[in-house]
Amino acid sequence: MIDFLAYHIQEAGRMALDAQAKLTAGDISFKGERDLVTSADKAVEKYLVDAIISSYPEHGIIGEESGSHGADASYCWIIDPIDGTTSYVHQQPYFSVSIGLRKDNTMIAGGVYAPALNQLFLAEKGGGATLNGAPITVSSCEKMIHAILATGFACLRKRSGADNLAVLAKLLPKISDIRRCGSAAIDLAYVAAGKYDGYWEHNLNLYDIAAGALLVTEAGGTVTDLRGNQDYPASGIIATNGAIHDILLQGVIV
Ligand code: 2AM
Ligand code: CA
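Residues numbered from 1 in each chain as written. Chains lettered and ligands numbered in written order. Predicted model: local features only at pLDDT ≥ 70, side-chain atom pairs only at ≥ 80, totals over all residues. Heavy atoms only, no water.

**Q** Quick one: what's the story with helix α1 (residues 2-21), residue by residue and with numbers?
**A** With 20 residues, α1 should reach 28 Å at 1.5 Å per residue; the first-to-last C-alpha distance of 29 Å fits that figure. All of the buried residues in α1 are I2, F4, L5, A6, H8, I9, A12, G13, A16 and Q20. Those residues of α1 hidden inside the fold are in contact with α2 (39-55), β5 (75-83), α3 (85-89), β6 (96-103), β7 (106-114) and β8 (119-124). (Helix = DSSP H or I, 4+ residues; strand = E, 2+ residues; numbered from the N terminus. Expected span 1.5 Å × (residues − 1). Buried < 20%, exposed > 50% of the residue type's maximum accessible area, 1.4 Å probe, protein only. Contact = heavy atoms within 4.5 Å.)

**Q** Let's hear about the pairing of β8: which residues, and what values?
**A** For β8, a buried count of five out of six residues is recorded, marking the element as mostly surrounded by other parts of the structure. Summarising the sheet, β7 and β8 pair through six bridges and their orientation is antiparallel. Note that in β8 the partner of G111 across the bridge is L122. The turn linking β7 back onto β8 is made up of four residues, and N118 within it adopts a positive phi angle of 55°. Judged from the four bridges that link them, β8 and strand β9 (residues 128-131) form a sheet pairing that is antiparallel. The partner of A123 across the bridge, within β9, is A129. Here β8 folds back onto β9, and the loop between the two strands holds three residues, one of which, G126, carries a positive phi near 85°. (Pairing = 2+ DSSP bridges.)

**Q** Account for the domain arrangement of the protein, with residues named and values stated.
**A** Quoted interface sizes are often the accessible area lost when the parts come together. The assigned domain composition of the protein is domain 1 (1-136) and domain 2 (144-252). Placing the centre of domain 1 and that of domain 2 at their C-alpha centroids yields a distance of 20 Å. Across the contact, 41 residues belong to domain 1 and 24 residues belong to domain 2. Taken together, the two surfaces of domain 1 and domain 2 that pack against each other cover about 2300 Å², and 61% of this comes from carbon and sulfur. For the interface between domain 1 and domain 2, the tally reads zero salt bridges. Seen at the junction of domain 1 and domain 2, the total is nine residue pairs in polar contact (both at pLDDT 80 or more). When residues of the side of domain 1 that touches domain 2 are traced back to their parent elements, those giving at least two are β2 (35-38), β3 (60-63), β5, α3, β6, β7, β8 and β9. Residue contributions to the side of domain 1 that touches domain 2 peak at seven residues, all from β7. Taken together, the residues of the side of domain 1 that touches domain 2 sort by class into 19 nonpolar, 13 polar and nine charged. (Domains from an automatic or database assignment. Buried area = accessible area lost by both parts, 1.4 Å probe. Salt bridge = Lys/Arg side-chain N within 4 Å of Asp/Glu carboxyl O. Polar contact = N/O pair within 3.5 Å; in protein donor to acceptor, adjacent residues only side chain to side chain. Nonpolar A, V, L, I, M, F, W, Y, C, P; charged D, E, K, R; others polar.)

**Q** Describe the nonpolar core, listing the residues and the values that go with them.
**A** Formed by 40 residues in total, the largest nonpolar core has its most connected members in F121, Y199 and L215. Looking at this core, the elements that each hand over two or more residues are β5, β7, β8, β9, β11 (148-151), α6 (184-192), α7 (206-218) and β15 (237-240). If you count residues domain by domain, this core takes at least three from each of domain 1 (1-136) and domain 2 (144-252). Beyond its immediate chain neighbours, meaning those up to four positions away, F121 contacts G110, G111, V112, T130, L131, I136, A189, Y190, A193 and L215. Within the second largest apolar cluster, 30 residues are counted, among which are A6, Y88, Y113 and L120. (Core = buried A, V, L, I, M, F, W, Y, C linked by side-chain atoms within 4.5 Å.)

**Q** Explain the site of ligand 1 to me, and be specific about the residues and the numbers.
**A** By nearness alone, 20 residues border ligand 1, and D83, G84, T85, R157 and E201 come closest of all. At a separation of 3.4 Å, an oxygen atom of ligand 1 approaches a polar side-chain atom of D80. Between G84 and ligand 1, the recorded distance is 2.6 Å, taken from a backbone N or O atom to an oxygen atom. Protein coverage of the free-state accessible area of ligand 1, which is 480 Å², stands at 96%. For the shell around ligand 1, the secondary structure elements donating two or more residues are β5 and α4 (154-158). Residue composition of the shell around ligand 1, by class: five nonpolar, six polar and nine charged. The residue makeup of the shell around ligand 1 includes at least three contributed by each of domain 1 (1-136) and domain 2 (144-252). (Near = heavy atom within 4 Å. Areas by Shrake-Rupley, 256 points an atom, 1.4 Å probe, with all protein chains shown as cover.)

Structure (structure tokens):
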């Protein structure tokens, strides 16, 4: 199934990249006042759903655009066709296709493909994680003052009340620098690859993080919710190289 995932995530990514170059105003609509969707999100998800149904008709699918079908099946695919839609619409390269495969409540495989960056991240439970075929591991950074962290502001767009600006204001003076690319899946993949030392965010959905969280743990990192438990993304998410996890857990409390 990892070969199936690797093949179709690259096809889907190429579709998204081709469509980005041709995007017009007529392709863009609003799901919420600050939540964009494009015809490409829908077309890419349809491509992936059709591929899964024709190869694995008994499997369940949870997709950002098409919802949940048979999510209680033993195998369930969790799809975000374009994670980072706002970056995508604004002709930036920081968008990805994210596909996770869950078996009986355990994530067993995941892929994040950023076609404009030519970066394909794959992980299999117990088998490690790779970037374009080469094994990846998390960073060895141990001091917050040296740490490059990433976050996002889904909480603002969802108007959830979570105050990530206060967390950012508290953390920024204590770390090396911050990054914010707009795709939770890429953020997690970059923690897995040691490009970022840690990442946190509130108010994400399962399809944003399903593949990326497995990438991080398979690359030797740690993923928890914002209280240090495993209830992510419902209670927020923190992913780190492990070494700075406890310090960052303290840092996200304001
Ligand atoms: P998307 O691009 O698939 O919508 C960036 O902070 C992350 O938040 C992205 O992974 C983005 O996924 C997600 N996101 C964007 N708008 C959101 C909203 N209104 N509610 C929850 N998550 C959102
Ligand atoms: Ca998403």
